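Fold and geometry: a report
The primary structure of each chain is shown beneath.
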Amino acid sequence: SFPMGRSAAGTDAFADGFEDELPEHDVMVSEFELDRFEVTVGRMRRFVDAYTGMPPAAGEGAHPRIAGTGWKESWSAELPGSRDALLAQLNELAPYCDWTDVAGANEARAVKCVSWYVAYSFCLWDGGRLPTEAEWEYAAAGGAENRLYPWGSEAADATRANFGGLDANLAVDVGASVAGRGSWGHDDLAGNMWEWVYDPYAPTLCSVGGA
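The structure contained in this document is the topic of the report that follows. (Residues numbered from 1 in each chain as written. Predicted model: local features only at pLDDT ≥ 70, side-chain atom pairs only at ≥ 80, totals over all residues. Heavy atoms only, no water.)

Here's the deal with the pattern of salt bridges
Following the criterion strictly, the structure yields 12 salt bridges and no others. For Arg45, the salt bridge identified is with Glu107, shortest N-O distance 2.7 Å. Of this pair, Arg45 sits in helix α1 (residues 41–50) while Glu107 sits in the loop between α2 (83–90) and α3 (116–125), placing them 62 residues apart in sequence. One connected set of salt bridges, linked through shared partners, spans Asp35, Arg43 and Asp126. (Salt bridge = Lys/Arg side-chain N within 4 Å of Asp/Glu carboxyl O. Helix = DSSP H or I, 4+ residues; strand = E, 2+ residues; numbered from the N terminus.)

Quick notes on α2
All of the buried residues in α2 are Leu86, Leu87 and Leu90. Considered in projection along α2, the buried side chains sweep an arc of 100 degrees and stay on one side of the axis. Lining the buried residues of α2 we find α1 and α3. (Buried < 20%, exposed > 50% of the residue type's maximum accessible area, 1.4 Å probe, protein only. Arc of directions from axis to C-beta. Contact = heavy atoms within 4.5 Å.)

Describing the side chain of Ser177
Along the chain, Ser177 turns up in the segment after α5 (166–169). A relative accessible area of 5% places Ser177 in the buried class. Here Ser177 is in contact with Ala158, Thr159, Arg160, Ala161, Asn162, Asp187 and Asp188, once residues within four sequence places are set aside.

As for unusual backbone geometry
The amide bond that connects Leu22 to the next residue, Pro23, takes the cis arrangement and shows omega of -5 degrees. By the element assignment, Pro23 lies in the loop between β1 (2–4) and β2 (25–27). Here the bond from Ala94 into Pro95 is cis, since omega is 10 degrees, no more than 30 degrees from zero. Turning to its location among the elements, Pro95 is positioned in the loop between α2 and α3. A positive phi angle, close to 60 degrees, is found at Cys113, a residue other than glycine. Tracing the backbone shows Cys113 in the loop between α2 and α3. Residues other than glycine seldom take positive phi values, yet Asp188 does so here, at roughly 60 degrees. Looking at where Asp188 falls in the secondary structure, it is placed in the segment after α5. According to the relative accessible area criterion, Asp188 is buried, its value standing at 4%.

The following block contains the structure:
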């Protein structure tokens, strides 16, 4: 059990936060595993090389304790239909995406410009699943420690997180901000890039006590 969301006055209080982070509420998560690093370009390349356009099977990748969270047939139409179409999608927002069609200097950097459907499909191909928002926040906040940042309460700087705009995010390998590691050794839980979770955005998640 851990306090999800943001408190108005506590270890994770933050004056410039958003209203949809309030109120803080207790949430229970079961044991789970989370990769230490964000998915890199090199790791995604193996998926791209094997990609045929065949979608995951219906129901695949469901959370073991949450019914109905597996792959849905209606999502299959959102996947690129071929490897060439996937490559086009990964290159769509160049140069702000760090994907390159040929392996180069970006292999250890977090892959960007990946749709939610491709991210989900990658996780299933790789033997995992997308975490729920509660699971991700549990890791980022140190669970019951309820940290303001993954590393604690100290202000963010370049040793703890990669931040400062798109240009800055193009030039850092995953795990470079070693002082920013979370309670269980995860890297880049703050900064670097936004990360997909299973749950769709819901502005009332905290206000209705959801997980």
